[in-house]
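Read off the chains here:
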Amino acid sequence: MSRLGNIGGRLYRGEVSYDFVGRRKRWYLISGAILVVAIGGLLIRGLNLGIEFEGGAQFTVTAPNVSVEQARSAMSTAGYSDAVVTKSGDKLRIQTLTLTNDQSDKVIGSLSKSLSIKPTDISVQLIGPTWGKEITSKALTALVVFLILVALFLSLYFEWRMAIAGLVALAHDVVITIGIYALTGLEVTPATVVGLLTILGYSLYDTVVVFDKVKENTRGLASSNRMTYSQAANLALNQTLVRSINTTVVALLPVGAILIVGVGILGAGTLEDLSLALFIGMAAGAYSSIFVATPFLAQLKEHEPAMQALSRRVESRQRSESKAASKTAVGGRTATAVLDRDDAGDADAGGAGESGTDKQVVAAPRESAGSKQAPRRNVPRSKRKGSGKR
């Protein structure tokens, strides 16, 4: 068995345990700091929404030898100095405000002349502001419907506290992902929204796996006194830790390959929007399912009267076991001290002990073989010999 498999087996059996739930304040501080940075970036810089959401015109130019500065100069010549120009591989992407068909034709002619390329090497996409608002509305509707379905599923399959903890973890992942997009200035496109919804499903999957193990470990827990709810939840986390890590790594490897190959080599912008959202969200989802969802669930459950009574019983049992162990240890030390004292007494007696034994042997009466008398037997009076006297 591999080393990771051995660690996973020891974690599952409880031989090794990491206190994730008991250190939840530490994880809350880390998550809080990340969320503050993400929200700050969102409020200060805002999102760089693509033309699909705001409307506009996008020109895609296939020209390997044309630089971004040359394309900006060509757009300035055409009268659109505020155009946003980016390059990915052999393609240039130029975005402007909403244009009419005549205006877009003039831009194509100006780009063709200034960059010395054919008009057929330029593709244009015109999106009106109304269509962009409709896309934004549908994206928000899809997100709200998804969250409602998630809350219903977790409430029916588990309980409402697990639903709250799961939604908190999902919100954690969404805010971090959006905040990274705001801080880096990456463009938000419909592909980004698809990736965002995908990572929500992935994060939910990882959380449900842990919650299912928590449910199994806490079945009938309130009527016993073997462990608290937090201890049972922490055991579930340790039992599913290796599986969560393996699942995350296996999922991130192909997404990373899409980022490297699709974006770095093929220069596919849509793949970049999709894979980057997946990569960020999957990493955040794996973190939240371990360090946010389950610790927050345990915190909610510990406020229940039944769980509080269970905690008192477990603490009482642990104190009793500790006292019994201490008494046993004291008794063992006392017995050891007595034995040591006796041994010391014997050592102090030294040869006297041996001479004392000899004295006892000497003091014992010694009889010669001839002086030994047979033991007297009880002979019946009728069988005794007479002495000759009457």
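Residues numbered from 1 in each chain as written. Predicted model: local features only at pLDDT ≥ 70, side-chain atom pairs only at ≥ 80, totals over all residues. Heavy atoms only, no water.

Below, the discussion takes up the overall build of the protein. Across its full length, the protein holds twelve helices and six strands. When burial is assessed residue by residue, the protein has 36% of its 390 residues classed as buried. The long-range share in the protein, meaning contacts at least 24 apart out of those at least 6 apart in sequence, stands at 78%. (Helix = DSSP H or I, 4+ residues; strand = E, 2+ residues; numbered from the N terminus. Buried < 20%, exposed > 50% of the residue type's maximum accessible area, 1.4 Å probe, protein only. Contact = heavy atoms within 4.5 Å.)

The α-helix advances 3.6 residues per turn, and as a result positions three or four apart in sequence lie on the same side. In this model, helix α5 (residues 101–115) (15 residues) spans 21 Å end to end at C-alpha, consistent with the 21 Å of a helix rising 1.5 Å per residue. Packed against the buried residues of α5 are β2 (56–62), α4 (68–78), β4 (91–96) and β5 (122–127). S116, located one to two residues past α5, shows a positive phi value of around 55 degrees. (Expected span 1.5 Å × (residues − 1).)

Right, let's get into the layout of surface pockets. With a probe scaled to a water molecule rolled over the atoms, the places where space remains empty come into view. Of the volumes computed, that of the second largest pocket is approximately 300 Å³. Taken together, 15 residues form the lining of the second largest pocket, with L47, I178, V188, V193 and L196 sitting closest to its centre. The set of elements that each furnish at least two residues to the lining of the second largest pocket consists of α6 (129–157), α7 (160–184) and α8 (190–217). Residue composition of the lining of the second largest pocket, by class: twelve nonpolar, three polar and no charged. (1 Å grid on protein atoms, 1.4 Å probe; cavity = no way out; pocket = protein on both sides within 12 Å on 5 of 7 lines; lining within 4 Å. Points joined across faces, edges and corners; volume = space filled by probe spheres on them. Nonpolar A, V, L, I, M, F, W, Y, C, P; charged D, E, K, R; others polar.)

Moving on, we come to the packing of aromatic side chains. Enumeration according to the criterion identifies seven aromatic pairs in this entry. With centroids separated by 5.6 Å and ring planes inclined at 75 degrees, the aromatic side chains of F20 and F291 adopt a geometry described as edge-to-face. Remark: F291 occurs in helix α10 (residues 269–301) and F20 occurs in the loop between α1 (3–13) and α2 (24–44); sequence separation between them is 271 residues. Assessed through its relative accessible area of 17%, F291 is described here as buried. Between F158 and F211 the ring centres are 6.1 Å apart and the planes differ by 85 degrees, which places this aromatic pair in the edge-to-face class. Highlighted residues: F158 in the loop between α6 and α7 and F211 in helix α8, separated in sequence by 53 residues. Take F158 and F211: they sit in the same class, and that class is buried. An aromatic cluster is defined as three or more aromatic residues linked by ring pairs; in this entry it consists of Y18, F20, W27, Y287 and F291. Taking NZ or CZ as reference, R26 lies 5.8 Å from the ring centre of W27, over its face. The residue whose ring lies beneath K215 is Y157, and the NZ or CZ to ring-centre distance is 4.8 Å. (Phe/Tyr/Trp six-rings, centres within 6.5 Å; stacked < 30°, edge-to-face > 60°. Lys NZ or Arg CZ within 6 Å of the ring centre and 35° of its normal.)

Two elements in contact, α2 and α7, have axes separated by 8 Å at closest approach and are oriented at 45 degrees. When the interaxial angle is binned, α2 and α7 end up oblique. The way α2 lies across α7 gives a crossing that is left-handed. Here S31, I34, L35, V37, A38, I39, G41 and L42 of α2 come into contact with α7, specifically with H172, V175, I176, I178, G179, A182 and L183. Among the residues making up the contact of α2 with α7, the classes are represented as eleven nonpolar, four polar and no charged. (Axes fitted to C-alpha atoms, helices over the stretch in contact; angles between N-to-C directions. Parallel < 35°, antiparallel > 145°, perpendicular 65-115°, else oblique. Left-handed = near helix turned anticlockwise from the far one by under 90°.)

Nonpolar side chains collect at one region of the surface, where V144, V145, I148, L149 and L152 lie side by side and expose about 450 Å² of accessible area between them. The topology assignment puts V144 in helix α6. (Patch = residues over 30% accessible without salt bridge, like charges linked within 9 Å, V, L, I, M, F, W, Y side chains within 5 Å. Areas by Shrake-Rupley, 256 points an atom, 1.4 Å probe, with all protein chains shown as cover. Salt bridge = Lys/Arg side-chain N within 4 Å of Asp/Glu carboxyl O.)

Next up on the list: the pattern of salt bridges. Counted according to the given criterion, the structure contains five salt bridges. One continuous salt-bridge network, built from bridges that share partners, spans E159, R161, K301 and E304.

Examined against the element boundaries, N238 turns out to sit in helix α9 (residues 229–265). The class of N238 is buried, set by a relative accessible area of 1%. For N238, the side chain forms a polar contact with the main-chain oxygen of N234, separated by 2.7 Å. (Polar contact = N/O pair within 3.5 Å; in protein donor to acceptor, adjacent residues only side chain to side chain.)

This next bit is on the nonpolar core. Grouped together as the largest cluster of nonpolar side chains are 42 residues, with contacts concentrated most on V214 and Y229. Among the nonpolar cores identified, the runner-up in size contains 21 residues, and V61, A71, Y80 and I117 belong to it. (Core = buried A, V, L, I, M, F, W, Y, C linked by side-chain atoms within 4.5 Å.)

With that settled, the discussion passes to the side chain of T96. Tracing the backbone shows T96 in strand β4. Not counting residues within four places of it along the chain, the set of residues in contact with T96 comprises G56, A57, F59, M75, Y80 and A83.

With respect to the secondary-structure elements, R219 resides in the loop between α8 and α9. Remark: the alpha-carbon pair of R219 and A232, spanning 13 residues in sequence, is separated by 9.9 Å.

Interhelical geometry of α7 versus α8 gives an angle of 145 degrees and a closest axis separation of 10 Å. Classified by chirality, the crossing of α8 by α7 is right-handed. Two secondary-structure elements touch here, α7 through M162, A165, G166, L170, D173, V174, T177, I178 and Y181 and α8 through T192, L196, I199, L200, S203, L204, T207, F211, V214 and K215. In terms of residue class, the contact of α7 with α8 is made up of twelve nonpolar, five polar and two charged.

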